[in-house]
Amino acid sequence: MQTAAQWSSRWMFILAATGSAVGLGNIWKFPYIAGENGGGAFVLVYLACVFSIGIPVMMAEIMIGRRGQQSPINAMHTLAVEAKQHPIWKGIGWSGVIAGFLILSFYSVIAGWALAYIPKMLSGTFSGITPEGAGQVFNTLTANPWMLLLWHSLFMGMTIFVIAQGVEKGLEKAVSVLMPTLFFLLVALVIYAAVSSGHFMQGVHFLFDTDFQALFYPGCNPEQGVTCEMSWQGVLSAMGLAFFSLSIGMGAIMMYGAYLPKTTPITSTTVTIAIADSLVALLAGLAIFPIVFANGLDPSSGPGLVFVTLPIAFGQMDGGVIFGSLFFILLVFAAWTSAFSLLEPVVAWLVESWQLSRSHAAIGCGFLIWLLGILSILSFNNWSDFHPLAFLGDNVFATKNFFDLFDYITSNIMLPLGGLFIAIFAAWIMSHSARCEEMGGEPADISYHTWLFLIRYVTPLGVLLVFLNAVGLLKFG
Ligand code: PHE
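Below, the structure is looked at part by part. All values derive from a computational prediction rather than experimental measurement.

**Side note on the overall build of the protein**
Working step 1: Along the backbone of the protein there are 19 helices and zero strands.
Working step 2: Taking 23 Å as the expected radius of gyration for a compact globule of 477 residues, we find that the protein reaches 22 Å, a close match to that expectation.
Working step 3: Summarising its shape, the C-alpha atoms of the protein cover approximately 60 × 50 × 45 Å along the three principal directions.
Working step 4: Here the protein holds 477 residues, and 59% of them are scored as buried.
Working step 5: If you take every contact in the protein between residues at least 6 apart in sequence, the share linking residues at least 24 apart comes to 80%.
Working step 6: If you sum the accessible surface of the protein, you get close to 18,100 Å²; carbon and sulfur atoms cover 68% of it.
Working step 7: In the protein, which carries 15 positive and 23 negative side-chain charges, the distance between the mean positions of the two groups comes to 14 Å.

**Observations concerning the site of the ligand**
Working step 1: If you check the shell around the ligand, you find 15 residues, and the closest are Ala21, Gly25, Tyr107, Phe244 and Ser247.
Working step 2: Take glycine 25: an N or O atom from its main chain is 2.8 Å from an oxygen atom of the ligand.
Working step 3: Measuring from a nitrogen atom of the ligand, one finds a side-chain N or O atom of serine 247 at 2.9 Å.
Working step 4: Protein contact buries 100% of the 320 Å² of open area that the ligand shows by itself.
Working step 5: The cavity that encloses the ligand is the largest cavity.
Working step 6: For the shell around the ligand, the secondary-structure elements that each account for two or more residues are helix H1 (10–21), helix H2 (24–36), helix H11 (233–246) and helix H15 (320–354).
Working step 7: Among the residues making up the shell around the ligand, the classes are represented as seven nonpolar, eight polar and no charged.

**Structural notes on the packing of helix H9 (residues 200–208) against helix H13 (residues 266–294)**
Working step 1: Between H9 and H13, the shortest axis-to-axis distance is 8 Å and the interhelical angle comes to 125°. Relative to H13, H9 is oriented oblique. Regarding H9 and H13, the two cross each other, and that crossing is right-handed. Counted together, Phe200, Gln202, Gly203, Val204, Phe206, Leu207 and Phe208 of H9 and Leu282, Gly285, Leu286, Phe289, Pro290 and Phe293 of H13 form the full contact between these two elements.
Working step 2: Its residues placed into classes, the contact of H9 with H13 shows ten nonpolar, three polar and no charged.

**Some words on the layout of surface pockets**
Working step 1: Space inside the largest pocket adds up to approximately 930 Å³.
Working step 2: Considering the residues around the largest pocket, the lining is formed by 38 residues, among which Gln233, Ser237, Val396, Lys400 and Tyr408 are closest to the centre.
Working step 3: When contributions to the lining of the largest pocket are tallied by element, the ones reaching two or more residues are H2, H11, helix H17 (402–429) and helix H19 (446–470).
Working step 4: Examining the composition of the lining of the largest pocket, we find that six residues originate from one element, H17, more than from any other.
Working step 5: Here the residues of the lining of the largest pocket sort into 14 nonpolar, 16 polar and eight charged.
Working step 6: Lining the second largest pocket are Trp11, Ile14, Leu15, Thr18, Val22, Met179, Pro180, Leu182, Phe183, Thr272, Ala276 and Val280.
Working step 7: Split by residue class, the lining of the second largest pocket holds ten nonpolar, two polar and no charged.

**Some thoughts on empty space enclosed by the protein**
Working step 1: Within the structure shown, the criterion is met by three cavities of 30 Å³ or more.
Working step 2: Roughly 130 Å³ of volume is contained in the largest cavity.
Working step 3: Residue lining of the largest cavity: 14 residues in total, with Ser20, Phe244, Ser247, Ser338 and Leu342 positioned closest to the centre.
Working step 4: The set of elements that each furnish at least two residues to the lining of the largest cavity consists of H1, helix H5 (91–122) and H15.
Working step 5: It is H15 that provides the largest number of residues to the lining of the largest cavity, a total of three residues.
Working step 6: When grouped by side-chain class, the residues that make up the lining of the largest cavity number eight nonpolar, six polar and no charged.
Working step 7: Forming the boundary of the second largest cavity are Gly93, Gly96, Val97, Met250, Leu342, Pro345 and Val346.
Working step 8: Those elements that place two or more of their residues in the lining of the second largest cavity are H5 and H15.
Working step 9: Here the lining of the second largest cavity is built from residues that sort into five nonpolar, two polar and no charged.

**Description of H13**
Working step 1: Given a rise of 1.5 Å per residue, 29 residues ought to cover 42 Å, and the 43 Å separating the end C-alpha atoms of H13 matches this to within 8%.
Working step 2: Here H13 lies mainly inside the structure; 21 of its 29 residues are buried.
Working step 3: Among the residues trailing H13, glycine 296 stands out with phi positive, at a value near 60°.

Procedures and definitions
In this numbering scheme, every chain counts its residues from 1 along its sequence in written order. Local features in this predicted model are restricted to residues of pLDDT 70 or higher, and side-chain atom pairs are both shown and tallied only at a pLDDT of 80 or more, whereas totals for entire chains, interfaces and linings draw on every residue. For side-chain calculations, the full set of non-hydrogen atoms in the structure is used, while hydrogens and water are omitted. Starting at the N terminus, helices and strands are each numbered in turn, a helix being any DSSP run of H or I of at least four residues and a strand any DSSP run of E of at least two. With the radius of gyration taken over C-alpha atoms, the globule rule is written as 2.2 Å times the number of residues to the power 0.38. Burial here depends on accessible area, computed with a 1.4 Å probe over protein chains only, as a share of the maximum for the residue type. Under 20% is buried, over 50% is exposed, and the range in between is partly exposed. Residue contacts are counted whenever heavy atoms from the two residues lie within 4.5 Å of one another. Method for areas: the Shrake-Rupley scheme with a 1.4 Å probe, in which residue coverage is limited to the protein chains shown. In summary, the charge assignment counts Lys and Arg as positive and Asp and Glu as negative, without counting His or the chain termini. Note that the charge is assigned to NZ on lysines, CZ on arginines, CG on aspartates and CD on glutamates. A cutoff of 4 Å decides nearness: a residue is near a molecule or strand if any of its heavy atoms lies inside that distance of it. Whenever a nitrogen or oxygen atom comes within 3.5 Å of another N or O atom, the pair is scored as a polar contact, on the condition that within protein one atom can donate a hydrogen and the other can accept it, and that pairs from neighbouring residues in sequence are kept only if both atoms are in side chains. Both cavities and pockets are sets of points on a 1 Å grid over the protein atoms alone; in a cavity a 1.4 Å probe fits but cannot get out, in a pocket the set is open with protein on both sides within 12 Å along at least five of seven lines, and lining residues sit with an atom within 4 Å of a point. Assignment to a cavity or pocket requires that more than half of a molecule's atoms be within 2 Å of the site's grid points. For this scheme, ten residues count as nonpolar: Ala, Val, Leu, Ile, Met, Phe, Trp, Tyr, Cys and Pro. Four count as charged, namely Asp, Glu, Lys and Arg, and the remainder, Gly too, count as polar. To define axes, lines are fitted to C-alpha atoms, for helices over the stretch in contact only, and angles between the resulting N-to-C directions are given on a 0 to 180 degree scale. Any angle that is under 35 degrees is reported as roughly parallel, and any over 145 degrees as roughly antiparallel; angles of 65 to 115 degrees are reported as roughly perpendicular and all others as oblique. For any pair of crossing helices, the crossing counts as left-handed if the nearer helix is rotated counterclockwise from the farther one by less than a right angle, and right-handed if it is rotated clockwise. Grid points are joined across faces, edges and corners, and a volume is the space filled by probe spheres set on the points. Expected span, for any helix, means 1.5 Å times one less than how many residues it has.

Written out as structure tokens, the structure reads:
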């Protein structure tokens, strides 16, 4: 069955795809992961991954989606058959569906935190608050599974509601207003951090001074008896974050590509999205790190980083109640527009292949994801020390709770692996003429050839190189 829906313009696709890309990954995840990995060198590797691996893979996804005109599972099936290959290639779509379930299950819990912060901001909880006080508010929230469940349920409900309606109606209107607003608010926050934190340059240095020692030798401190062991963990995290932040490797962008008019140029569209996405992440970092240093907080303090630092700043600024509330409202919107793209591929597949109604499909899948989310909720309180894979012995999985596992396995394994296979398919399996037709690449278009070179060699080798180097971490024993 063919997908009938189409974006009403190229601009709408850019907005929707940017809405998918810009989300918690940029504002919540990027700063705390960069903080945990020592800053500048991590940011550099992250940006290198976005431009050398991320953009080519995103282009490949859009191309496959638009050519396949269906949900990722069926699009991959159709294109594999078209290329006279085994339909097993639709496994890419399946792994994307599983990744989407896992990601949305914890994503919704974190988006729930942002929801919970809106009433807190509005009621002035943070006015004049100390760093300790802000930490306390965050810890009290995450220690309470029932509260987290409430907000997680609300966010999943909101997501199911929109997807059940069909993406085109509400979504296009919402993103076209909200995304630019979020962007300007972030710029305003960065200006605030620059003017009033007194530690702006320290934040800038942290984000842009490339200290590879901090990336490759985490925690290295011989004087205090911590031995220095070389590790690729940070590089793997940078690559994983690039995939996560661009929404690639699991079919979300492929799905949106299916709704893209044939005349839209893929290269410039993708570059626009990737630049917008990276800018938002960097702006978030520039807003957050000066506050971290001004208040003597630890850059590597983990998932709570944004939820502790920004409220301190809002608590000190004039009009902080308004700005703070607006910020968390926009953060929820950013997360919401990303959540759509996590749920849409599987819902579209159920509608296409099982003739389910959109609402039944959205409610059914949404319910399963909601259930799965409970495991992440408990990872912040009652089950924070429960390590389900501890029996595997001494490796990276052994010390992770459910939330950490879902996050690690999706970002650092499933998305890069999905991206690798998408790259191989687009570069080596699809026919030259099919590729050229979608990319408008005949006869010697420079952007087409650059893409082909990147997707053929740079992307697969890059992903493999990082994987193989990081494999030492995965050793079982
Ligand atoms: N890119 C989104 C973010 O940065 C998350 C996401 C990942 C969305 C994968 C869709 C697919 O928040």
